[in-house]
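# Per-entry structural report
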2 protein chains.
Amino acid sequence: MVIEGVRPEIDCGRFAVKRTVGENIRVEADVFGDSHDVLSAMLLYRRGADGWNEVPMEPLVNDRWRGEFRVTDVGKYVYTIAGWVDRFLTWHRDFKKRVAAAQKVGMDLEIGARLVEAAVERAAGDDARRLSAWVRRLRDPEAARHVEQICEEAELPELMRRYASRDFATTYGRELQVQVDRERARFSAWYELFPRSAAEEPGRHGTLRDVEARLPYVAGMGFDVLYLPPVHPVGLAHRKGKNNAVEAQPDDVGSPWAIGGKEGGHKAIHPDLGTFEDFERLVSAARRHGIEIALDVAFQCSPDHPYVREHPEWFRSRPDGTIQYAENPPKKYQDIYPFDFETDNWRELWEELQSVFLFWIGHGVRIFRVDNPHTKPFGFWQWCIGEIKDKHPDVLFLSEAFTRPKIMYQLAKLGFTQSYTYFAWRNTKAELTEYLTEVTQTEVADFFRPNLWPNTPDILPEMLQVGGRAAFMMRFVLAATLGASYGIYGPPFEHCWSQPREPGSEEYLNSEKYQIHHHNLARPDSLKDFIARVNRIRREHAALKSDHSLRFHPIDNDQLLCYSKRSDDGGEVLIVIVNLDPHHTQSGWVELPLKEFGVPAERAYQMHDLLGGGRFLWNGPKNFVQLDPHVVPAHIFRLRKQVRSERDFEYFL
Amino acid sequence: MVIEGVRPEIDCGRFAVKRTVGENIRVEADVFGDSHDVLSAMLLYRRGADGWNEVPMEPLVNDRWRGEFRVTDVGKYVYTIAGWVDRFLTWHRDFKKRVAAAQKVGMDLEIGARLVEAAVERAAGDDARRLSAWVRRLRDPEAARHVEQICEEAELPELMRRYASRDFATTYGRELQVQVDRERARFSAWYELFPRSAAEEPGRHGTLRDVEARLPYVAGMGFDVLYLPPVHPVGLAHRKGKNNAVEAQPDDVGSPWAIGGKEGGHKAIHPDLGTFEDFERLVSAARRHGIEIALDVAFQCSPDHPYVREHPEWFRSRPDGTIQYAENPPKKYQDIYPFDFETDNWRELWEELQSVFLFWIGHGVRIFRVDNPHTKPFGFWQWCIGEIKDKHPDVLFLSEAFTRPKIMYQLAKLGFTQSYTYFAWRNTKAELTEYLTEVTQTEVADFFRPNLWPNTPDILPEMLQVGGRAAFMMRFVLAATLGASYGIYGPPFEHCWSQPREPGSEEYLNSEKYQIHHHNLARPDSLKDFIARVNRIRREHAALKSDHSLRFHPIDNDQLLCYSKRSDDGGEVLIVIVNLDPHHTQSGWVELPLKEFGVPAERAYQMHDLLGGGRFLWNGPKNFVQLDPHVVPAHIFRLRKQVRSERDFEYFL
């Protein structure tokens, strides 16, 4: 017997498939033998070191079989497939054909009896007694007169299926792994802010206490992850000034990513931000608001970092004995020293870096956003994340690798829970359709979980520079509904910051990376209420909580994008239509696959716009939509299947 | 470093890729690292136990790399991939950027010098001397004044590429196999005939001597494989009569596939056909005509087979002690006993069956057509073919498994050289396009070699029953030009036999499987000259000698099929257009990808119909074609790129 073409299976089983608690793993395989005999195939799965569970697989077409199991706990599962020729079911199938052709079956009854007799040995208790009764019945001299009845009775094949001989069972050669994470790995709304810009009054350096005071604002918008850029002491040597100036002024605060000063490094908190007590208060207070604190981990050092003094061997030296700063020739980043992961003391270095995660886990952090993981060795991440997940399976890692696609995918395979994406640069209908299809509908979706960000402190995309408020709303709806996980960098996002440092640049003018800002959260033009509304829709509708059901639908205007998501039980269908043009009203005819959505062809259905509040009666697959970006650039429709008719009226019959 | 997504690779390397002598293996892989360093990748290959050869791979786009090697000998090759970070090339790339930005590079010159110095150790002779000279040059106090020149000179990177440090090289985890066969595995024209129907005069049982006398006829049509149904003694017990009648008449000759009688079994020749001396004469005479004799191997027995008497344990018994005949309930084939491959004595049985191949190999046979291999265990074929190919790598096996696609593909993976296909049942443009694309353009083509048969003694397709002479010509052109390997069953094919045993049946009326026929080879309506012409075109045009270049082209009439094949060097382009409608003249506009064919857009080109002899001047991608099936249902065009113009006239300039 052959078992091959197993899906999901990543790189011949080298890497784990990712799922979250409560999700199903639907496994398919080609299962076939070298004869016309009837086969049975079984999906085997187990959690950690538990024993195997079995689920019968069902044949589809073309020798393809399918089985499914649910993962209920965080941690590791494995699955594989076993199959065997079922001699009894083969006999039973042929026996029915012989009986139908009115052939003599005396000898066949005896052959069947012998197969059942052998199964009695494998059964016990009542089942064994019932099988024995069947042996007697098949050998009854009168049996040949009751063959039609023997064919019809379901008991015998049901029993025999359970006690099939597995003497010649074939098992698939590999045990395939599943990494099961908690739900937030799949469904999360991230908000990034600079703590030092969080002071309520202008002119003061924000603190962790200020961040705590801002929690109601963040929770009010509906976010559940609050991500903080590095909170560590910032280096002085080669400190960058405002707008990334090479020379800092005395009052410049520097970039939080130039980690380490005389006050400490990756395991210290910047004195101006507060204390560890403040940090733990923040983590606790956030939890009460349904928010988790995510910390930035950037493995690099300012020249002032204690590691530089204590462990110069962890860095690469130049011929003159100085430490090699970061470079992307001809650019030089003299405020940053990269680690030399291939140093002779690599083992000590790697352990120390892993201990940074463990240190913050000890202070209550369960989510990390990892800065530029693609500039560190793949082997480091596989080891580091693997060991941490073994001890702390609830810890999540977001990979910030804006690099080539195969490197991003590799990092996901090696263990990163979520990944930043190219979403910020996907603007047109064709771009969005192609990219989101790739990351949600191909085998990429089995290991790579996209997290869509319309902006970050490093990325102010051109669309947001030129498209005005409508562009922010449009990009926000796209991120929050295309992606079960997404994030924004605020308050610049909700305040529609759109000024680049210079024309053609994607950096913010007066970027918070290099200076403190004061934000007036009560600005009347803030998008915070709009954001809150979209996040409420996300929370209230299961369809938006995962990506695997995403499908794009035709609409005869390239400036309009239409897609749907459905809940796992198929009962809830959400249809999003977005005007990608932030300047002009656009209209078109959308075409929906009503049959797939379970809408009867002959009846009208209601489209309830959860965003705008309107309700529309639609009929048939093609309907007209029009969106004015200056009012609201999107519909988020809930499809309500039945419109009432006279047949539903209580006196109709 | 990561090396993954290697193609070709079948089922994670479990099975060998197939090629023939002189073909190239083009290997692609995703190769990338966790940094911005410059990588080198090398394709490694070796034949049998020879040492490794190396071919540098070149980057394409998106981290995809490609390398290629040629297989020159029959037998087994393996290949894999190695890659490493090239520290020198990384330095060289960055050095050029620094120089272009007019940065100070004094320290970089020293870093470069150290890298070259290390390479001197790995080099020898003149190369070592040249590298040493470069070390001195990079360390020359004046070097900083000549950096532009250092950047430009190609010698240093060329030398350093050859002596790169491979201390941290990554090798792909698997060695992938190639089964290299002789050319006939890829390019072959088969002709099947019943020896007992080969007598020159009516009424006599044909002999191997008669087959020998028929060789000029077969060679005259251009075939290079003559395949004979089983030549063994035919059983008497339950012998089938004419038209598969359950009761044979005394003069009925039975089916050659009911193998074995008192005169012997699989290692005997039917006495009415002749002797081993006749057989060996036939093999030799055929060779002189450029023809190989292919023998049928059908592992099944008539009840009269000596095996049944000598080894009843090789068969399955029924409860009453009789041997189980073949069945497909409710159908019974009481003239056939299948072997029980799972008998306790399976090892002895398997050895004996393998010895049947070895026996005929001993009598000069190098090609076998294996009957119904899918009803024998996969494991048997993998072992049997594997061992035979180890000793006799020139032996070819054609799998006659008309069964479900994945089983057919599995048999090909396990070692069968060629396979019958569904071609006989693919009639429409959509069916032919989809099926031929699957077997020639997907990864299936790496292990499955299709052999296209428009008819066999078992299959008289409906198209040939209803389509008349035009259908035979049309189906013949399709088989012989879509497939580098194809075959017909004659003389019924060239004599256009079209009568089924009964309406709706695909069996021939008065099939040669059950009775002797006399064929008048001089029939004026024979297709033999047409067949000879097509086979000559095949032999004279490299484009038709393989399938990998097959491409279908648009034509605006569903009854017209257009496709092209090209020689490996791309220089020869053949374009075939077939009228799939055997009843009516069809016309349409065909669209050719002229740019791919290397035809300049502004010049006319000549289409030379190798079949009809006509020459047409075409212009631009879209041209008109019309085919009357009652004249000839196809064009086989050779595209001749240049039509002469005044610019080619010798006095033009």
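Just so you know, these numbers come straight off a predicted model, no measurement behind them.

It is worth spelling out empty space enclosed by the protein at this point. Residues and elements named next belong to chain B. Applying the stated criterion across every chain, the model contains 3 cavities of 30 Å³ or more. Each pocket or cavity is described by its volume, and for the largest cavity that value is around 100 Å³. Residue lining of the largest cavity: 13 residues in total, with Arg 196, Pro 230, Val 234, Pro 256 and Leu 273 positioned closest to the centre. Of the residues in the lining of the largest cavity, the class split is 9 nonpolar, 3 polar and 1 charged.

Moving on, we come to the domain arrangement of chain A. Residue and element names in this part refer to chain A. What the domain assignment lists for chain A is domain 1 (2–175), domain 2 (182–231 + 269–299 + 350–529) and domain 3 (544–652). The C-alpha-based centres of domain 1 and domain 2 are spaced at 49 Å. Across the interface of domain 1 and domain 2, roughly 1,300 Å² is buried in total on both sides, 51% from carbon and sulfur atoms. Contact with domain 2 buries area across many residues of domain 1, yet Phe 15, Lys 18 and Thr 20 alone supply 46% of it, more than any other trio. Here domain 1 is connected to domain 2 by 3 salt bridges. Breaking the side of domain 1 that touches domain 2 down by element, the ones donating at least two residues are strand E2 (17–20) and strand E8 (75–85). Take the side of domain 1 that touches domain 2: its biggest share by element is 4 residues, from E2. Looking at side-chain class alone, the side of domain 1 that touches domain 2 contains 6 nonpolar, 2 polar and 7 charged residues.

Superposing chain B onto chain A requires a rotation of 180° together with a translation of 0.0 Å along the rotation axis, leaving an RMSD of 0.1 Å. When the rotation and shift are considered jointly, the pair of chain copies conforms to a two-fold rotation axis. Taking C-alpha positions as the reference, the residue of chain B nearest the rotation axis is Cys 12 of chain B, at 3.1 Å.

Listed as interface residues are 43 residues of chain B and, on the opposing side, 43 residues of chain A. Roughly 4,200 Å² is buried in total at the junction of chain B and chain A, and carbon and sulfur atoms are behind 51% of that figure. For the pair chain B and chain A, the number of links is 10 salt bridges. Across the pair Arg 98 of chain B and Glu 327 of chain A runs a salt bridge whose closest N-O atoms are separated by 2.2 Å. Linking chain B to chain A there are 16 residue pairs in polar contact (both at pLDDT 80 or more). Of all the secondary structure elements, the ones that give two or more residues to the side of chain B that touches chain A are strand E1 (2–7), strand E3 (24–32), helix H1 (87–100), helix H2 (106–122) and helix H11 (405–414) of chain B. Examining the composition of the side of chain B that touches chain A, we find that 5 residues originate from one element, H11 of chain B, more than from any other. Each residue belonging to the side of chain B that touches chain A can be placed in one class, and the counts come to 13 nonpolar, 7 polar and 23 charged.

Our focus in this paragraph is unusual backbone geometry. Note the cis peptide between Gly 490 of chain A and Pro 491 of chain A, where omega equals -10°. Within the secondary structure, Pro 491 of chain A sits in the loop between strand E22 (485–489) and helix H15 (528–540). The phi dihedral of Cys 12 of chain A is positive, around 55°, even though this residue is not glycine. Note that Cys 12 of chain A resides in the loop between strand E1 (2–7) and E2. In this structure, Asp 63 of chain B is a non-glycine residue whose phi angle is positive, near 65°. The topology assignment puts Asp 63 of chain B in the loop between strand E6 (58–59) and strand E7 (64–70).

Definitions and limits used
- Counting restarts for each chain, with residues numbered from 1 along the sequence as it is written.
- Here the convention is simple: chains get letters from A, ligands get numbers from 1, in the order in which they are written.
- Confidence filtering applies because this is a predicted model: local features only for residues at pLDDT of at least 70, side-chain atom pairs given and counted only at 80 or more, and all residues used for totals across whole chains, interfaces and linings.
- As a rule here, side-chain values come from all non-hydrogen atoms in the structure, and water together with hydrogens is ignored.
- Using protein atoms alone on a 1 Å grid, points that fit a 1.4 Å probe yet trap it form a cavity, whereas open point sets bounded by protein on both sides within 12 Å along at least five of seven lines form a pocket; residues with an atom within 4 Å of a point count as lining.
- Grid points are joined across faces, edges and corners, and a volume is the space filled by probe spheres set on the points.
- Three classes are used: nonpolar for Ala, Val, Leu, Ile, Met, Phe, Trp, Tyr, Cys and Pro, charged for Asp, Glu, Lys and Arg, and polar for all others, with Gly counted as polar.
- Residue ranges assigned to the domains are those given by an automatic or database domain assignment.
- Buried area: the accessible surface (1.4 Å probe) lost by two parts on joining, summed over both.
- Just to be clear on terms, a salt bridge is a Lys or Arg side-chain nitrogen sitting within 4 Å of an Asp or Glu carboxyl oxygen.
- Only DSSP runs of H or I with at least four residues qualify as helices, and only runs of E with at least two residues qualify as strands; both kinds are numbered from the N terminus onward.
- Fitting of the copies onto one another was done by least squares over C-alpha atoms, counting residues only where both copies have pLDDT of at least 70.
- Throughout, a residue-residue contact means that at least one pair of heavy atoms, one from each residue, lies within 4.5 Å.
- Distance and chemistry together define a polar contact, namely a pair of N or O atoms within 3.5 Å, with one atom able to donate a hydrogen and the other to accept it when in protein, and with adjacent residues in sequence counting only for side-chain atoms on both sides.

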